[in-house]
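The chain contents come next:
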Amino acid sequence: MPKDPDDFDTIDWVQDTSADHQRRRKLQLTLADSPLESAFESMQSWILVLILGFSLGLVAAFIDIVAAWLTDVRLGYCETEWYLSRTICCTVFSRYLIKNSSGDCPKWSYWSDSYILKWMIYIFFSTIFASVVAVIVVKVAPNAAGSGTAEIKTILGGFATSDFLDGKTFIVKSMTLPLTVASGLAVGKEGPMIHVASCLAGILPDFFPKYRDNEGRKREILSVAAASGVAVAFGAPIGGVLFSLEELSSFFPAKTMLRSYFCALVSCVMLQFIDPYRGKRVLIEVSFSRNWLFFETTGFLLLGVFGGLSGAFVIRMSQKAARFRKSGWVKTHPILEVVIVASFTAFVGYINPLTRPQGHVTAVLLLIIALILRIGLTVVSLGLKVPAGIFIPSMVWGGLFGRLVGIGMEAFQKGWPDLPMFSSCTPDKPCVTPGMYALLGAIGALGGVTRLTLSLTVIMFELTGTLNYIVPCMIVLMVAKLVGDAFGKGGMSDAQIKVFNYPHLEITEDLSLDFIGRPIQDAMTPYNQLVVLKKTLLSIDEAEQIILENTGFRGYPVVRSLRGREFMGFINLLDIIQAVEAAKNEGFVETDPHIGGLPRGIRSSGDGRDRPLMHHISDSMVDLAPYLNRTPLTVHPKLHLEAVMDMFKKLGPRYIVILHNGRLEGLITKKDILKAVHEFEHQMKNSASYTDQDDMGSLFDGISLLPRV
């Protein structure tokens, strides 16, 4: 279930970095005589990553094994051991399938010999599996629905939400994901695996002091987990690291890349040790030894064009479907929607084997029917209240189209083998491999949906284990991205962010040229709309009144006087609460009666923060000066908005103070900029024309800014 935009809170990378430095300075003093604790402090990042990779490998193996068994249960059962999937049931130690003369496995029994009865049982199990998932997700953990990639991308961009990565979501998504796969819905498990891994990254850091109370540090582990989730989903550890870098993470330093590499390695080794695929390295594994020929570039270009077009079409239609679900009967009956879609998917899936993973029919008519059905079912299934990813569905319809192109290229070459373009073909050897086109079509469709290039190329290389088709893959992905971007920037996760209005800062290059150059004062919260403090020495009653009357503010600017607006600093709400508790428990310090300057009784601790000398003179006063941040990030009100967006993306502050000659002019947060961007886009859509800059001067006059968070 999509999160409400207001459920996301902002984090302050600058403050978290400063807090981590202070923690390390304290530990240098306390751990000087404790080598064991000092060693744990230096190694706890690697210990956490090791545990994360080990746990993720176990969870991925569980999901793969259970999903394979439940998928086969719809067709039959193993006579000797009912809990085994068909592949494992028919596998002996030599890893060869035991088959009788008809090609069937004697240990495996189908539910019936009647085609109609087997069809009904198939539909029954598929519908039951999907219904169970929908009930659990809707009633227990709504956050387990969908892929979760858009929310994780938002969180990695510097926002936080309370229950999206908690234990309940992790358990529900891990338990329902095999049922979703087994139901046969046109969704994949690769995207949800990123969410499952991220849930582990949201739980495990709480056991490590270095990460427990530092949201910025947790984002590093979240990037590591996202990379490992893709790694175990595809069996592609290097591709997973690059996926996290290219698609999800807005902050990815070298140390995070190294830890992502290590975690992906551990998780893939653990998955291989359990061996859920019984000898196969990954679920999707292919190998081609024939090199490609130059005349085939025409087919590669065609695959790229289709990948971009199909990706743009699915993104656009999924946006329309998401808006439709916000109103109408679907909004109030999500479980019934899942039942209907699952039943229909199973109904057509059993008839046309190419809409199921088991099908290998290559008839062109069935390929076309399966292609149309798969695209349509994917559009409908993506918004269901079940764990749902887009990776595998897009690869399926791309593979179907690629197979069609391969068959056409093969028929064309065999029909006119004497054409000059076929002169490089070797006699008595296949000149065209349709299976290779299916693979490139699958990668192209995935690229059209995600708009990724580098990471998908590496994933393809890891899947096939050959360098022969790196260049064709690059051609297909590049063309798919160019064609897809012609219909709109960003992939599926970016589209979901826009549909659900998640707070995510865009890349400044993607902003409208009419928006670029606007001053920050057009989007800031002006001084006359701010709640400010005009002194740092308060009575306990006054301080408690500020806390009680708080309506979502995370902090307050402090000025010397309301008339002069001379900015003194910024104080967080949590620091006010801490100051009140300290005053109640320990008394307070002697201070000067004036607000400016350091109070008497304050001395520097050497770490950049002032600390009070404990002179108890009053039990009814609270001095906020020791907690005041006197050097927050400040800018001029005429600075351009795109420059401020870059500051938020690269530095990660929660807020930026706008000053002019030392006077407080306003305050701006990430959500203020997002509100301004959305308001601007809305105005542009509803306006007939804006011909010059002067006509646009009133665009931001009526902006209602979000509550300060």
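Here the structure is shown first, and the text comes after it.
Residues numbered from 1 in each chain as written. Predicted model: local features only at pLDDT ≥ 70, side-chain atom pairs only at ≥ 80, totals over all residues. Heavy atoms only, no water.

### Section: helix α10 (residues 237–248)
Moving on, step 1. The end-to-end C-alpha separation of α10 is 16 Å, in line with the 16 Å expected for twelve residues at 1.5 Å each.
Moving on, step 2. Regarding α10, the residues found buried are Gly-239, Gly-240, Val-241, Leu-242, Phe-243, Ser-244, Glu-247 and Leu-248. (Helix = DSSP H or I, 4+ residues; strand = E, 2+ residues; numbered from the N terminus. Expected span 1.5 Å × (residues − 1). Buried < 20%, exposed > 50% of the residue type's maximum accessible area, 1.4 Å probe, protein only.)

### With respect to the packing of aromatic side chains
Moving on, step 1. Going through the model one piece at a time under the given rule, you end up with 15 aromatic pairs.
Moving on, step 2. Here the aromatic rings of Tyr-115 and Trp-119 are separated by 6.3 Å at their centres, their planes lie at 50 degrees, and the arrangement is tilted. One end of the pair is Tyr-115 and the other is Trp-119, both in helix α4 (residues 115–139) and four residues apart, which spans about a single turn.
Moving on, step 3. Exposure remark for Trp-119: the relative accessible area of 13% places this residue in the buried category.
Moving on, step 4. Plain terms: the ring middles of Phe-300 and Tyr-437 are 5.9 Å apart, the flat faces sit at 35 degrees to each other, and that makes the pair tilted. Of this pair, Phe-300 sits in helix α12 (residues 297–325) while Tyr-437 sits in helix α17 (residues 434–450); the two residues are 137 residues apart in sequence, bridging distant segments of the chain.
Moving on, step 5. According to the relative accessible area criterion, Tyr-437 is buried, its value standing at 0%.
Moving on, step 6. The cationic tip of Arg-259 hangs over the ring face of Trp-46; the distance from NZ or CZ to the ring centre is 5.8 Å.
Moving on, step 7. Across from the ring centre of Tyr-527, 4.9 Å away, lies the NZ or CZ of Arg-565, which sits over that ring. (Phe/Tyr/Trp six-rings, centres within 6.5 Å; stacked < 30°, edge-to-face > 60°. Lys NZ or Arg CZ within 6 Å of the ring centre and 35° of its normal.)

### Some thoughts on the packing of α12 against helix α15 (residues 364–381)
Moving on, step 1. Two elements in contact, α12 and α15, have axes separated by 8 Å at closest approach and are oriented at 40 degrees. What the angle tells us is that α12 and α15 run oblique. Note that α12 runs across α15; the crossing there is right-handed. Touching Phe-306, Phe-313, Val-314, Met-317, Ser-318, Ala-321 and Arg-325 of α12 are Leu-371, Ile-375, Val-379 and Val-380, all from α15.
Moving on, step 2. Within the contact of α12 with α15, the residues separate by chemical class into nine nonpolar, one polar and one charged. (Axes fitted to C-alpha atoms, helices over the stretch in contact; angles between N-to-C directions. Parallel < 35°, antiparallel > 145°, perpendicular 65-115°, else oblique. Left-handed = near helix turned anticlockwise from the far one by under 90°. Contact = heavy atoms within 4.5 Å. Nonpolar A, V, L, I, M, F, W, Y, C, P; charged D, E, K, R; others polar.)

### Description of the sheet that holds strand β13 (residues 655–660)
Moving on, step 1. Pairing is mixed across the open sheet formed by four strands, whose spatial order is β5-β14-β13-β12. The sheet is open, and its two edges are formed by β5 (525–526) and β12 (634–635), each paired on a single side. (Pairing = 2+ DSSP bridges.)

### Some details on unusual backbone geometry
Moving on, step 1. Backbone geometry places Arg-451, a non-glycine residue, at a positive phi of 65 degrees.
Moving on, step 2. Summarising the element assignment, Arg-451 is placed in the loop between α17 and α18 (454–464).
Moving on, step 3. Phi is positive for Asn-661, which is not a glycine, with a value near 55 degrees.
Moving on, step 4. One can find Asn-661 in the loop between β13 and β14 (663–669).
Moving on, step 5. The exposed category is assigned to Asn-661, whose relative accessible area is 73%.

### Let's talk about a nonpolar patch on the surface
Moving on, step 1. Residues Tyr-115, Ile-116, Leu-117, Met-120, Phe-344, Phe-347 and Ile-351 make up a contiguous nonpolar surface patch of about 670 Å² in total accessible area.
Moving on, step 2. Taken together, the elements giving at least two residues each to the nonpolar patch come down to α4 and α14 (334–351).
Moving on, step 3. Considering each element in turn, the nonpolar patch owes the most residues, four residues, to α4.
Moving on, step 4. With respect to the element layout, Ile-116 can be found in helix α4. (Patch = residues over 30% accessible without salt bridge, like charges linked within 9 Å, V, L, I, M, F, W, Y side chains within 5 Å. Areas by Shrake-Rupley, 256 points an atom, 1.4 Å probe, with all protein chains shown as cover. Salt bridge = Lys/Arg side-chain N within 4 Å of Asp/Glu carboxyl O.)

Scope: geometric values only; no functional claims are made or implied.
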